[in-house]
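Chains, contacts and geometry: an overview
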Amino acid sequence: MHASIILLLPFFSALVILLGHRQLKGAAVLISVGSSVISFIACVALLAVADDKDNNIKLLLPFLDVGHFHANIDVLIDKQSRGMMFIVSFIGMLVHLFSLGYMKDDDAKPRFFGSLSLFMFSMTGIVLAGNLIMMFIFWELVGLSSYLLIGHWYQKASAAEACKKAFLTNRIGDFGFMIGILLLFGANGGNVNLDDLATAFSSGPLRPDAPGYSAGFTAAAALCIFLGAVGKSAQFPLHVWLPDAMEGPTPVSALIHAATMVAAGVYMLVRVSFLIEASPLAAEIIAGIGCFTALLAALMATQQNDIKRVLAYSTLSQLGYMVMAVGAVAMHVQHGHELHGPNPGHPAMFHLYTHAFFKALLFLGSGAIIYACHHEQDIWKMGGLRKHMPVTFYTFAIGTAALMGLPYITSGFYSKEGVLGAAYDSGCSILFHGTALTALLTSFYMTRLVIVAFFGKPRTESAHHATEVPMIMLLPLVVLAVFSIFSAWDGFATPLQALKPAHEPPHDTVLAASILAFLIGTGGAIYLYRGKDKDPVNIKLFANKFYFDEIYAVIIRICQDRLAWIVTALERIFVDGLIARLPTAIVARLGAATRMLQGGHLQGYTFLLGSGVIAVVYLVVFVLPRMGH
Amino acid sequence: MPPLLFYFFALITLGFGFLVVTGRNPVTCALALAASFVGLAALFLSLDAYFIAVIQILVYAGAVMVLFLFIIMLLDIKTEEGKKLNLPAIVSGVLLAVLLALQIIAVAGSTPLAQKSTQGSPLALADAAGKIGKAALPTITNDLKAGELPDAKLIGFTLFDQYGFHLQVIGLLLLVGTIGVVVLSKRERSAP
Amino acid sequence: MITLGHYLVVSGMLFALGLAGVIARRNIIIVYMCLEMMLSAANLALVGFSRFHLVNGLPDYTAQSLVFFTITVAAAEVAVGLAIIVALFRSKQSVDVESVTKLQG
């Protein structure tokens, strides 16, 4: 029952706003915010509901029922989905409240809030999905909402380009996802229910010692489904859309591109972890890509000058962490170790949980700064904001500390330790070293950001006149700051169903590595950037994002344009020419020829008549008798 | 009829017919057609179809051809000047005509039916009086017994006895034709 | 001896002449006249058959009735046809067959 409310309320809110936004005007905003608050209350109530082990999946609506094919809207309520639901609804509600202030002067508020409601609906669908087809439907819907929200200021050319890029890149990932689903669909006899798939992999037709088992098939299915996560969670090579997605309003960046939508990929991977654990090859590839993305993004972040871009790359990097953790845990399980304890947590989900809070905090904080500096986003045009905006500064600092993993105090430390531990346990030393290096770089660029934006003297007029933002925008910041510190504590984590890995003595290497990375990164940044007015380090490769966008543009131009040319030629010759134009030409010629018979010429008709008579007489009188009639 | 007369009248019919087809002046063609019809009427006579022969002269040569002449005079159609000959049409027309004529000659020459002659199938007038059944009106039987063929009366009887309805329809047709002609010939009055 | 065949041949040649005239001539009125010639040829054939197909010793008057009707219809048709030609002449100022081209193409 709770699930229906959480799922349908944003849907109806979006529908009402869609249909009546002209009449509603300002009220549309309230509808959307109200629906998010009610959903949040329902989610909190859901947390208290006990787990029903045998009947996890409850059918809501038999959506498609065609012969043997069933696609249902059903919900899977277990620990993972309840925890994730809390994050989604909580941060969603905070973002709605923040947007009330941030989008105050915007012209298209109803459209914005309607899209936000649509997003909440789709994200809820993904989280609660009980089968892969339903998840795919809502997956696509989330992509659509992201398109609408990134392109909210579509009059700006860069925003229009960005939302198109996001959607297209997501589509590539979704294509792989769909193929993966189809593979599983075929292998499991038409049933992609998550519970049934898990059973199939552990004891059913898809288990390793089953007669029809094929390692290649399992790896292919796992990798195809992983492609979906690559698109949605912006892993390499489909990471190019996330930085450009910062063209959307900052609350959108906070909600979608930090806390929830991009985390959907990780969520989905943990949901199908039985699949990844079944294929060693896939697990290694997933871990490798995750680690590579994390490192790549961290390098690119060290040279960005737009505050939102820095945070975007930071998100990319943390997502890489999570994906790597998924792969690493799978590798760990494949090596024969079970996840510990009666209630096994998952490092990736735990990091997702803590990351959601402090990343949303950082984005909302940057939104406050941008708002206060009159929509200025270049950090080298800020400065000295510590004195002008104290509350913002302190909350932002707490968020930064959590992201960097300030030892023992912040939640980020525990979750990052979990990730590093997973990398260490996987047995692959490259993973561990890459992750540690990324942690170092994370500390470095975040400290750089804080020093340049908040310390020193104001570098421009707007920074000089910046004042603290209104209360409606400060409140979410404070709440999220509290969560950034305390969310890793058991008092918070257990009721919030955070899938925290069970407490075990931390590996000394891991602990040493994380503390060391933190110290070196922070120290280096303070040394390099303290009191500077422009960037002393200038590495073009990082600043230009490793030229990925340019490479893609060239690839598209060379490969896709050539391919398109070939396909067009084939289409013109075969499909169009042979099947459409050739019969048309034949018919036209025949028609023209036949038309000459009916020339409208009287004597022509008479001629034809006479010749017909002669022919018939000839046949009847001379030919037929000879043939025996 | 002696064969000579037959050939004579056949020659008239066909000769004037040829003149119709090849004449330059439309009036020439019309008059030639009238003469051709006269020859045709003579051929009818040779076939003991007296009534039809007279009707042919009266209606065809007398009314229809005169109408043609009226129209030619009315429209004041000049002789076709020396325009370029419509060669494809002429060639195809001649070709078709020759082929058709050949075919008909071949067919007519081969059927046994065509071997009958007037001598071979004489009219049995006296015996017919007793056999004609319903048509045994006094006038007809008297004529038959007298050895004459009451052609008009017999046609009249056939028409009114067997084809009475068709006769009425023909009358209606003529009425409609008259009305049609009147309507078609009206000059368009320009709207005031 | 003159047989039915002779009459049929004459009728056929008359018909062929008419056909040639219809195809070859350019003046509408002359085309029409040749059409009448074709009708008359058919009448000749009918009368011929009527004479040589004896019913009760007398010619078969069914065929001659048909000839009667044919002549009547031909007369009516000529009247109407000439009225049409006159109307055509009024609009085109020409009785050339080539000038009536609206239905061509």
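Residues numbered from 1 in each chain as written. Chains lettered and ligands numbered in written order. Predicted model: local features only at pLDDT ≥ 70, side-chain atom pairs only at ≥ 80, totals over all residues.

**Comments concerning the overall build of chain B**
- Assigned secondary structure in chain B consists of 8 helices and 0 strands.
- Taken from the N to the C terminus, the helices and strands of chain B come in the order α-α-α-α-α-α-α-α.
- Looking at chain B as a whole, 28% of its 192 residues are labelled buried.
- When contacts within chain B are restricted to residue pairs at least 6 apart in sequence, long-range pairs at least 24 apart make up 43% of them. (Helix = DSSP H or I, 4+ residues; strand = E, 2+ residues; numbered from the N terminus. Buried ≥ 20, exposed ≤ 12 C-beta atoms within 10 Å, placed from the backbone. Contact = placed C-beta atoms within 7 Å.)

**Digging into the overall build of chain C**
- If you tally the helices and strands in chain C, you get 3 helices and 2 strands.
- When the elements of chain C are put in sequence order from the N terminus, they spell out α-α-β-β-α.
- For chain C, the proportion of its 105 residues judged to be buried stands at 53%.
- A separation of at least 24 residues holds for 48% of the contacts in chain C among residues at least 6 apart in sequence.

**A few points about helix 19 (residues 429-454) of chain A**
- Over its 26 residues, helix 19 of chain A extends 38 Å from the first C-alpha to the last, a length consistent with the 38 Å expected when each residue adds 1.5 Å.
- Most of helix 19 of chain A is tucked away, with 22 of its 26 residues classed as buried. (Expected span 1.5 Å × (residues − 1).)

**A short note on helix 8 (residues 215-232) of chain A**
Residue and element names in this part refer to chain A.
- Between its first and last C-alpha atoms helix 8 spans 26 Å; for 18 residues at 1.5 Å apiece the expected length is 26 Å, and the two agree.
- Most of helix 8 sits inside the fold, with 13 of its 18 residues counted as buried.
- A234 lies just past helix 8 and shows a positive phi near 55°.

**Concerning the interface of chain C and chain B**
- At the interface, 63 residues of chain C touch 78 residues of chain B.
- The set of elements that each furnish at least two residues to the side of chain C that touches chain B consists of helix 1 (4-24), helix 2 (28-52), strand 2 (58-59) and helix 3 (61-92) of chain C.
- Considering every element that reaches the side of chain C that touches chain B, the biggest residue donor is helix 3 of chain C, with 22 residues.
- Here the side of chain C that touches chain B is built from residues that sort into 45 nonpolar, 15 polar and 3 charged. (Nonpolar A, V, L, I, M, F, W, Y, C, P; charged D, E, K, R; others polar.)

**A look at the nonpolar core**
- Of all hydrophobic cores here, the largest spans 203 residues; its most connected members are V266(A), V326(A) and A360(A).
- Among residues more than four places away in sequence, those in contact with A360(A) are I91(A), A254(A), A258(A), A259(A) and L480(A).
- If you look at the next biggest cluster of nonpolar residues, it comprises 77 residues, including A32(B), V64(B), L17(C) and L46(C). (Core = buried A, V, L, I, M, F, W, Y, C linked by C-beta atoms within 7 Å.)

**Observations concerning the pairing of strand 2 (residues 69-76) of chain A**
All names here are of chain A.
- Across 7 bridges, strand 1 (residues 57-66) lies against strand 2 in antiparallel orientation. Across the sheet, D65 pairs through a bridge with H70, a residue of strand 2.
- Taken together, strand 1 and the strand that follows it, strand 2, pair antiparallel across an intervening segment of 2 residues, in which G67 is found at a positive phi of about 60°. (Pairing = 2+ DSSP bridges.)

**Considerations on the confidence of the model for chain B**
- Chain-level statistics for chain B give a pLDDT mean of 85 and a share of 89% at 70 or above.
- Taken element by element, chain B is modelled with least confidence in helix 5 (residues 125-131) of chain B, mean pLDDT 68, and with most confidence in helix 2 (residues 26-46) of chain B, mean pLDDT 94. (pLDDT = per-residue confidence, 0-100.)

**Thoughts on unusual backbone geometry**
- A cis amide bond links F236(A) with the next residue in sequence, P237(A), at an omega value of 0°.
- For P237(A), the position within the fold is in the loop between helix 8 and helix 9 (241-244).
- In this structure, A234(A) is a non-glycine residue whose phi angle is positive, near 55°.
- Tracing the backbone through its elements, the reader meets A234(A) in the loop between helix 8 and helix 9.
- Backbone geometry at D48(B) places phi at a positive 60°, although glycine is not the residue there.
- Relative to the elements of secondary structure, D48(B) occurs in the loop between helix 2 and helix 3 (50-75).

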